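One-letter residues, chain by chain:
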Amino acid sequence: MSMMDHKGPSTEKRNSLIMEYMTGSTIHGFSQLSRAKNIVTRIIWLLSIISTATLSAYMIYYCYQGWEDNPILTSVAQIPIESIVFPPVTICPLYSSAVNDSLRLSDSSNTSEFLWSCSFRKNDIDEGKVCNRIQVVSSELGYCFTFNNVDITLSNTEGPSKVTGVGKNNGLQLVLNPNPLGLPTKYRVFISEIGTTYSKVYFDVNVTQPGELVFDVHGLHLVKAGQGFAEWNKDREACLFPDQKKLSYFNNYMQSNCRLECGWNRTIGTCGCAPKQFALKNIPVCGEKDLECWRDTMVKVTNEPEDPSCGCKVDCEMTHFFYSMRRVDTEEREYNSAKLLFHFDTHIITQINIQLRLSFFDKVASIGGMLGLFSGISIISVIEIVFYLTLLVTVSTCATKATAPTQVSPAPVTIYSSKYYN
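Described below are features of the structure shown in this document.

Attention now moves to the sheet that holds strand β6 (residues 135-139). Sheets are built from strands that pair by backbone hydrogen bonding, the pairs being arranged parallel or antiparallel. As summarised here, the arrangement of the 5 strands in space is β6-β7-β3-β9-β10, forming an open sheet in which the pairing is antiparallel. Among the strands making up the open sheet, the edge pair consists of β6 and β10 (202-205). Strand after strand, the sheet turns through a mean of 30 degrees between neighbouring axes, direction not considered. As judged from the 3 bridges shared by strand β3 (residues 89-94) and strand β7 (residues 142-147), these two strands associate in the antiparallel manner. Across the sheet, Thr90 pairs through a bridge with Thr146, a residue of β7.

Structural data, given as structure tokens:
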């Protein structure tokens, strides 16, 4: 058996392709390396190529770490007050424990028995909004009125109204009955964020004395998140939007609602019940003895550090404001009760915008800029590499097939009988 070697495409063909690529490559240094005449020049250019490639890789890594560690960018803008929603106002009658349930505000009560007048004004003209969608909601204080809030007990409405202007002629005006159902009553007033009826700051008011109780809202900061940040936050949940976490007792997620619900759950776990006015589904109603347990446990829970298992993350969008109350004596005696005025005292508010520091395209542009600056690499460079690698693979494959050994079988030998040679 014998072997025959057939010589295919030579090594010079592959070397020729490599030299052709290096000579015409858009990557910095390759053409100089291919034209170098001595070993010293080649080493210099080779070290230059390696150094710039290493430097560009380090710079890209450094930038990437910066993007990961500080992905958020904030900016500040001044916007007119009329561009925001008027904050919800919640008013709760205050009762002693001895008051019968029939004399308390409930979801079946006649609103006019507690609220004598309501108007939402612009330039002292009632716009007919807000007061057409008053909601009666349950809280720790029992049932309360909430004005200009999201739909808690309503559905398919126009939603909260925006601020109409500055000054007491632009805003919400209320007149409360000081003796609903013949019972002298004080009220607790909250001004809160959209989606909640609770605020750490509140005022207890006695409306028996005529005049005006003016609530000035000021020092407003509005935090808004951009679309890019919202998409980025879906998986990471650095903060939470109203629809990113479902609460058991509230329609919308807010950190304050989450903390309140967490406190309720811990108290329910201890006392096994909740006050009747909370109207919590599938939770037993507390009796008189159990109410003491509820109040004591809630005070204890409120003063303790927040339970991490509640997962009450900060809100992605929020409104920070301050408000104060002052009493103004007037000669107007239309009602035998004080008039409550809620309004803003500043034309401009500060909006803080949260957005991604860099979008995907910004990152591509930054990486491409560094690669181009240090090494001259571009999309065309990548295409060149893919093209010449394909040619090299093709040439190598063809050469391998052409140089494969061919097996030659020996010719058959015929053996004749010796009688023919006798």
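Structure's up, so let's keep going.
Here we come to the environment of Thr90. With respect to the secondary-structure elements, Thr90 resides in strand β3. Given a relative accessible area of 1%, Thr90 falls into the buried group. Once you skip the residues sitting within four places of it in the chain, Thr90 turns out to touch Cys144, Phe145, Thr146, Arg188, Val189, Phe190 and Thr197. One polar contact links Thr90 to Thr146, side chain to side chain, over a distance of 3.2 Å.

On to the packing of aromatic side chains, then. Per the stated rule, a full pass over the model turns up 19 aromatic pairs. Judged by centre distance (5.4 Å) and plane angle (85 degrees), the rings of Phe86 and Phe120 are edge-to-face. Pair noted here: Phe86 is in the loop between β2 (72-80) and β3 and Phe120 is in strand β4 (residues 115-122), with a separation of 34 residues, a long-range link. In this structure, Phe86 and Phe120 share a single accessibility class: buried. Where Phe86 meets Phe344, the ring centres are 5.9 Å apart and the plane angle is 85 degrees; that geometry is what we call edge-to-face. With a gap of 258 residues between them, Phe86 in the loop between β2 and β3 and Phe344 in strand β13 (residues 338-344) connect regions that are remote in the sequence. Neither Phe86 nor Phe344 differs from the other in exposure class; each is buried.

Buried residues dominate strand β11 (residues 211-225), accounting for 11 of its 15 residues. Of the strand pairs in this sheet, β11 and β13 are connected by 7 bridges, and their pairing is parallel. Bridged to Phe215 within β13 is Phe342. Alignment of β11 against strand β12 (residues 318-328), held across 10 bridges, turns out to be antiparallel.

Evaluated as defined, the whole model comprises 9 salt bridges. Among the ionic pairs, Asp124 bridges to Arg121, the shortest N-O distance being 3.6 Å. Of the residues examined, Asp124 reaches a relative accessible area of 41% and is grouped as partly exposed. A salt bridge links Lys168 to Glu212; the shortest N-O distance between them is 3.4 Å. Of this pair, Lys168 sits in the loop between β7 and β8 (171-176) while Glu212 sits in strand β11; the two residues are 44 residues apart in sequence, bridging distant segments of the chain. Of the residues examined, Lys168 reaches a relative accessible area of 40% and is grouped as partly exposed.

Further remarks concern the packing of helix α6 (residues 255-271) against helix α7 (residues 288-303). At a minimum axis separation of 9 Å, α6 and α7 run at an interaxial angle of 135 degrees. Compared by their axis directions, α6 and α7 come out oblique. As for how α6 packs across α7, the hand of that crossing is right-handed. Between α6 and α7, the residues in contact are Gly263, Trp264, Arg266, Thr267, Ile268, Thr270 and Cys271 and Cys293, Trp294, Thr297, Met298 and Val301, respectively. Counted by class, the contact of α6 with α7 contains 7 nonpolar, 4 polar and 1 charged residues.

Let us now look at the state of the cysteines. Think of a disulfide as a covalent bridge from one cysteine sulfur atom to another cysteine sulfur atom. Tallied over the entire structure, the rule returns 7 disulfides. The residue that forms a disulfide with Cys92 is Cys144, at a sulfur-sulfur distance of 2.0 Å. Where Cys92 bonds to Cys144 through sulfur, the torsion about that S-S bond is close to 105 degrees, and the disulfide is right-handed. Highlighted residues: Cys92 in strand β3 and Cys144 in strand β7, separated in sequence by 52 residues. Neither residue differs from the other here; Cys92 and Cys144 are each classed as buried. Note that Cys271 is cross-linked by a disulfide to Cys293, the S-S spacing being 2.1 Å. Its torsion about the S-S bond being -90 degrees, the disulfide of Cys271 and Cys293 is classed as left-handed.

Calculation rules
Residues numbered from 1 in each chain as written. Predicted model: local features only at pLDDT ≥ 70, side-chain atom pairs only at ≥ 80, totals over all residues. Heavy atoms only, no water. Pairing = 2+ DSSP bridges. Helix = DSSP H or I, 4+ residues; strand = E, 2+ residues; numbered from the N terminus. Axes fitted to C-alpha atoms, helices over the stretch in contact; angles between N-to-C directions. Buried < 20%, exposed > 50% of the residue type's maximum accessible area, 1.4 Å probe, protein only. Contact = heavy atoms within 4.5 Å. Polar contact = N/O pair within 3.5 Å; in protein donor to acceptor, adjacent residues only side chain to side chain. Phe/Tyr/Trp six-rings, centres within 6.5 Å; stacked < 30°, edge-to-face > 60°. Salt bridge = Lys/Arg side-chain N within 4 Å of Asp/Glu carboxyl O. Parallel < 35°, antiparallel > 145°, perpendicular 65-115°, else oblique. Left-handed = near helix turned anticlockwise from the far one by under 90°. Nonpolar A, V, L, I, M, F, W, Y, C, P; charged D, E, K, R; others polar. Disulfide = S-S within 2.5 Å.

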